[in-house]
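Listed below are the residues making up each chain.
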Amino acid sequence: MMCPSRSRWFLSLLLGFACVRADEPVATSGITHEWGVHDPARPRPAPVAPCAADALAALSIAPAGAVMLFDGTDLAAWQPSIWKVENRCLEVVPKSAPLTSRQAFGSCHLHLEWRAPSPATGEGQNRGNSGVFLQGRYEVQVLDNYENTTYADGYAGAAYGQNPPRVDPCRPAGEWNTYDIFFRAPRFSADGSVTRHAAVTVLFNGVLVQDNFEFTGPTAHKKRPPYSAHPAEVPLELQEHGCRVRFRNIWIVPVAD
Ligand code: MG
């Protein structure tokens, strides 16, 4: 059965891409810093049931034209790294470095699946932490949040340090989670100022957790730095944060906008 969030997500996706014309003038994010970065008083997302795995399976198949970044075989799509490929999974090697794609991307639909180490170890940000760094700058957080609380803007599915996920549909450690991330790349003027903010819509286990959220700038820890101009297309990064998080079925569909 289709998840209730699906139709709303699809509408927001259409609006997110369709409402921005190539010649549109300076965008204003409308984002205010109502909450401090990693503010402990910020309300935490409530746990909700994820969509059933078998309901998500069909949507996990890469469509024709997708760029396959990891299909279980090797790291050919990535820059040289010591991250492990084992049992058709990609595994973070602690104290190595981020994993960086060879290809650069702008606006896109990114699908990936991740699994936190089991049994779960550590607490808060030290449990199953990794991250999806769109254009190497804008992080959608990966974290084992199952029965594990932390500051709201550090939850799995957060625009880290900026916007919590609306809810928390994280599965227990050892079970696979799915992310479908619809990313709108930022634009910059000739003088380097930002003219369109980066934005994300995120489905986490089929549940809408980010609804066209506009990043206030690149991701950072305990701060929110301003935008800094960068190329229109930049490689994707997966974060090394000391936890043996696994990934599989990573593909990306570039979106012309
Ligand atoms: Mg992270």
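S.K.: Teacher, can you tell me more about the packing of aromatic side chains here?
M.R.: For any pair of aromatic rings, the description consists of the separation of the ring centres together with the inter-plane angle of the planes. The full count for this structure, using the stated rule, is 10 aromatic pairs. Judged by centre distance (5.0 Å) and plane angle (90 degrees), the ring pair of Y179 and F204 falls under edge-to-face. In this pair, Y179 is assigned in strand 10 (residues 177-184) and F204 in strand 13 (residues 199-204), connecting sequence segments 25 residues apart. Both residues of the pair, Y179 and F204, belong to the buried class. Each member of the aromatic cluster is reached from another via a ring pair, and the members are Y138, F183, F188, F213, F215 and Y227.

S.K.: Would you take a moment to explain the coordination of the magnesium ion for this structure?
M.R.: The reference angle at a metal is 109.5 degrees if four donors form a tetrahedron and 90 or 180 degrees if six donors form an octahedron. Protein-derived coordination of the magnesium ion comes from N129 (OD1), S130 (O), E139 (OE), Q141 (OE1) and Q239 (OE1), at a distance range of 2.2 to 2.4 Å. Written as a sequence motif, the donor arrangement for the magnesium ion is N-S-x8-E-x1-Q-x97-Q. You can see Q141 sitting in strand 8 (residues 138-142) and its partner Q239 sitting in the loop between strand 15 (234-238) and strand 16 (246-254), a full 98 residues away along the chain. Residue Q141 is classed as buried on the basis of its relative accessible area of 1%.

S.K.: I tried to follow the pairing of strand 13 on my own but got confused; where do I start?
M.R.: Consecutive side chains along a regular strand alternate between the two faces of the sheet. Most of strand 13 is tucked away: 6 of the 6 residues are buried. The pairing of strand 10 with strand 13 spans 6 bridges and is antiparallel. The residue of strand 13 that forms the bridge with Y179 is F204. Taken together, the 5 bridges between strand 13 and strand 14 (residues 207-214) define a ladder with antiparallel strand orientation. Across the sheet, F204 pairs through a bridge with V207, a residue of strand 14. The turn joining strand 13 and strand 14, which pair antiparallel and follow one another in sequence, is formed by 2 residues; a positive phi near 50 degrees is taken by N205.

Here is what the cut-offs are and how they apply
- Residues numbered from 1 in each chain as written.
- Predicted model: local features only at pLDDT ≥ 70, side-chain atom pairs only at ≥ 80, totals over all residues.
- Heavy atoms only, no water.
- Phe/Tyr/Trp six-rings, centres within 6.5 Å; stacked < 30°, edge-to-face > 60°.
- Helix = DSSP H or I, 4+ residues; strand = E, 2+ residues; numbered from the N terminus.
- Buried < 20%, exposed > 50% of the residue type's maximum accessible area, 1.4 Å probe, protein only.
- Donors = N, O, S within 2.8 Å, 3.2 Å for Na, K, Ca; no water.
- Pairing = 2+ DSSP bridges.

Without other data, these values stay purely geometric and don't point to any function.
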